[in-house]
Amino acid sequence: MVSYYKIPLNVGEDIRALEEYVERYKRGEITHAKFRGFRVPLGIYEQREKDVFMMRIRIPGGGITPSQLREIARIARDYGAGLHITTRQDIQLQNVQLDHLAPIYWRLYAIKLTCKGGGGNTVRNLTACPDAGVCKHEAFDVLPYCVALTEYLIQFQSSYNLPRKFKISFSGCSRDCALATVNDVGFIAKEKDGEIGFSVYAAGGMGAISRVALKLHDFVPANEVGYIAEAVKRLFDRYGDRRNKHRARLRFIVDRIGEHEFIKLYERELEAVKADGLIELDIRPITEFRKLEQRIAEETPKDRQYEQWINLSVIEQKQPGYYMVRIPVPLGDIEPNKAEYIADICEQLSGVSIRTTQTQDLLIRWIHYSELPFIYNRLREMDLADGRKNISFIVCCRGAGTCKLGLCRSQDLTRAIAEELDSSGIMLSKIPEVSIRINGCPNACGQSPIGSIGLHGLARRVGNRPVPFYAISVGGHVEEGKTKLSEPIGQIPAKNVPMLVRDFLAAYLERKEKCQSFEDFWGNDGKRLMRQLIERYRAVPSYDENPEYYRDYGSDVDFSLAGKGVGECGAGVLDMIESDIEEAKKAYETYLQVRDVELLHKAVVALTRSLLIIRGIDPKDEFESIEQFERHFVNSGWVSGRYCELLSASIKFRKYGDKMALVENQGLIPQLMGRIIALYQSLDANLRFQIEPEEKQEKGEIEGGMALMTLDLRGTPCPINYVRAKLALETMDIGDILEVLLDDGEPIRNVPASLENDGQEIVEIRNEGEHWSVKVRRRV
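Residues numbered from 1 in each chain as written. Predicted model: local features only at pLDDT ≥ 70, side-chain atom pairs only at ≥ 80, totals over all residues. Heavy atoms only, no water.

**Let's talk about the packing of helix α7 (residues 250-257) against helix α8 (residues 259-276)**
- Here α7 crosses α8 at 120 degrees, and the two axes come no closer than 7 Å. Relative to α8, α7 is oriented oblique. On α8, the residues touching L250, I253, V254 and I257 of α7 are E259, E261, F262 and L265. (Axes fitted to C-alpha atoms, helices over the stretch in contact; angles between N-to-C directions. Helix = DSSP H or I, 4+ residues; strand = E, 2+ residues; numbered from the N terminus. Parallel < 35°, antiparallel > 145°, perpendicular 65-115°, else oblique. Contact = heavy atoms within 4.5 Å.)

Laid out in structure tokens, this is it:
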């Protein structure tokens, strides 16, 4: 079996260990958390359903042979799995059962593929331009360097135990199709005085906090690639923040020490790497499995007509007479039978090669002009020929449909946007300069920070109910020397996003002829227009008026954070806090303009409610918000007692209509807001404050006020139930057992698994008829 890269020699040992871990996990000999720690670096993630997994297959540079694609398709069909192409050119197997993990790993091993390093704090899949080697604009073919560096890095154990994930990319020219300028390490091909090499970038990346990479070198010879990647990896390993995973990526080192100091550390590491000895990468030509000298590379006829396959996405290669064809894969999801069908087509043409792309499509390369009709007719038979469908031009992650990190159902939103554009007659294929990129959470798997229009899912609270929202950002662009992140503009409920996108694109199309580019439009009328649209679409009706706003696309139940894993629950919790702080800020700023005392009360209530979620409290009304805030944050010293007068004044206003006291104390509101923001910003991954209390905590105070032995969480929704159980355990000694009473359904499915993910031990789960009893022993 031919493969583009050589997998590590010890993968067989990993698979045998996986077999053993699966059996021990099934027997209850190892915890869910320990099993997770083993499987995630092997590229195996649990989905929202317990013991159902995703396996991420490493595909360096997107290079995959037809025979490999066929076998992956057969694996998916044999085991009832789905197939998904990611924005890093991996292929994911979705909905894999526990007992199928090792057998699938063995079958991938047989075709010289692996999932190792597909997840966790590892060197992830190295990416490259999908048209590397055939692009008219490239300096040279970068895929051999992408493959060789992959083979070098994945052989070392140090590549699987980094502070966080580590991403590397190769682009063939300054157009930066492989996004080198937003990766941890990025190489862009150059030619200087007859010598090939790269410009080099580092510490870029996308996520809740994104960053454009900084330039390390204008030009280095191509044989320096191994030294540079190893030096940056060592810097990351040495200085990355392993304590706070939310600020552990390489780019946060730059934030912490500055660009100048970062470059000095890099130069020191590079010098040390070179002193250690020669790093020789196995740079070898990437065979396309076609002997070009056996075929005539003729010029395409000048009277060629594309009308017969007008819907096909055809791209000329730099080799005369040869073409690439983009096969659209809407949402990145492709049925196994279609993937196998594509592999069969490629093998029938004897020499055609395949790439996965960063836009979640498949690219067939080395198609002779005379073969285009054959390709079109065969693809049309399986509904794979139409490259103009709107849904195939939107990049999105898997979202909350399967991903434990997902807050919103991004794939369902993508369908809704595509349908809205279809019905409005707007074709994204006619405005290729505009990219739409969507994430179900702030983690940027869908690359929203570089989208012309970027969207990422949020949870917001409206009338004490969670509502799916999306943050809107506009103006992202990737090109060497010109890369910029999209600009955050505002947030609107998920239900209104398709109409906003429709109206914004319609306005762009009206003005397109007068603008030099989308960037020109955005810099002039576009920004003002988008703000107007956000103002138009930001309102959320009451639940009684329209409950659909409180349900995500693709869901017929009310929106909640149920089904998210423990570490993932934090993302939704933080969104709720931010929502309350923003509400308070807006209310106070509006008061300063209109002097309506009701707005002061609204600001106080939002501020006092904001942090209660991390204490596991979901207040039923305004009075409970203020009372519980005083109990858990003022009495415990986290917030100064000097704000008690403000809290009391707000209660008096609501109970008795007393405006004077609230107006007299309104100057404390921005100060209280500042303290709450400081507490919020100090939260670590376990939702603990990392700054000192303002006042000494009352003696004997148990943070959270939870019971120590039995916790009745019946009637408490997710994720409040999990947070309360977590806090209760923190008040107990190591080895103590807490009994938690939970409702059937989401609570019993999610809370025990989340606590086990925390490292706690689930001693017993017992069905008590109308509820469940869970006994948890504190282990950490």
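What follows continues from the structure just given.
**Focus on the nonpolar core**
- If you look at the biggest cluster of nonpolar residues, it comprises 116 residues, and the most contacted ones within it are L149, F170 and F198.
- If sequence neighbours within four positions are ignored, F170 has contacts with L126, T127, A128, C129, V142, Y145, C146, L149, A178, F187, F198 and V225. (Core = buried A, V, L, I, M, F, W, Y, C linked by side-chain atoms within 4.5 Å. Buried < 20%, exposed > 50% of the residue type's maximum accessible area, 1.4 Å probe, protein only.)

**Some details on the sheet that holds strand β16 (residues 394-396)**
- Here we have 5 strands laid out as an open sheet, ordered β16-β17-β18-β19-β20, and mixed in their pairing. Strand pairing shows two members of the sheet lacking a second neighbour, β16 and β20 (487-493), which therefore form its edges. Averaged over all neighbouring strand pairs, the angle between strand axes comes to 30 degrees, with direction disregarded.
- Against the sheet, helix α13 (residues 518-537) touches β19 (465-474) and β20, its axis set at about 30 degrees to β20. (Pairing = 2+ DSSP bridges.)

**A look at the state of the cysteines**
- This model, assessed by the stated rule, comprises 0 disulfides.
- C173 supplies the cysteine sulfur nearest to C135, a cysteine that is in no disulfide, at a spacing of 5.5 Å.
- A relative accessible area of 7% places C135 in the buried class. (Disulfide = S-S within 2.5 Å.)

**As for the pairing of strand β23 (residues 761-767)**
- Two elements, β23 and strand β24 (residues 772-777), share 6 bridges in a ladder whose sense is antiparallel. Paired with I762 across the two strands is V776, which belongs to β24.
- Connecting β23 to the antiparallel partner β24 that follows it, the hairpin turn spans 4 residues, and G769 within it adopts a positive phi of roughly 95 degrees.

**So, the confidence of the model for the chain**
- In this model, the chain carries an average pLDDT of 89, and 93% of its residues clear a pLDDT of 70 or more.
- Note that pLDDT drops below 50 for residues 289-307; the model gives that stretch 38 contacts with residues more than four away or on any other chain. (pLDDT = per-residue confidence, 0-100.)

**Overview of the pattern of salt bridges**
- This model, assessed by the stated rule, comprises 63 salt bridges.
- Residues K116 and D14 are paired through a salt bridge, measuring 2.8 Å at the closest nitrogen-oxygen approach. Within this pair, whereas K116 is found in the loop between α4 (101-110) and β6 (127-128), its partner D14 is found in helix α1 (residues 11-26), the two being separated by 102 residues in sequence.
- Judged by relative accessible area, K116 falls into the buried class, the value being 7%.
- D386 serves as the salt-bridge partner of R388, at 3.8 Å between the closest nitrogen and oxygen.
- On the basis of relative accessible area, R388 is assigned to the partly exposed category, the value being 37%.
- Members of the salt-bridge network, linked through shared partners, are E739, E764, R766, E768 and K775. (Salt bridge = Lys/Arg side-chain N within 4 Å of Asp/Glu carboxyl O.)

**Things to note about helix α21 (residues 746-757)**
- The terminal C-alpha atoms of α21, which comprises 12 residues, lie 16 Å apart, in line with the 16 Å expected from a rise of 1.5 Å per residue.
- Most of α21 is tucked away: 10 of the 12 residues are buried.
- Every buried residue of α21 is accounted for by P747, I748, N750, V751, P752, A753, S754, L755, E756 and N757.
- Downstream of α21 by a residue or two, G759 has a phi angle that is positive, lying close to 100 degrees. (Expected span 1.5 Å × (residues − 1).)

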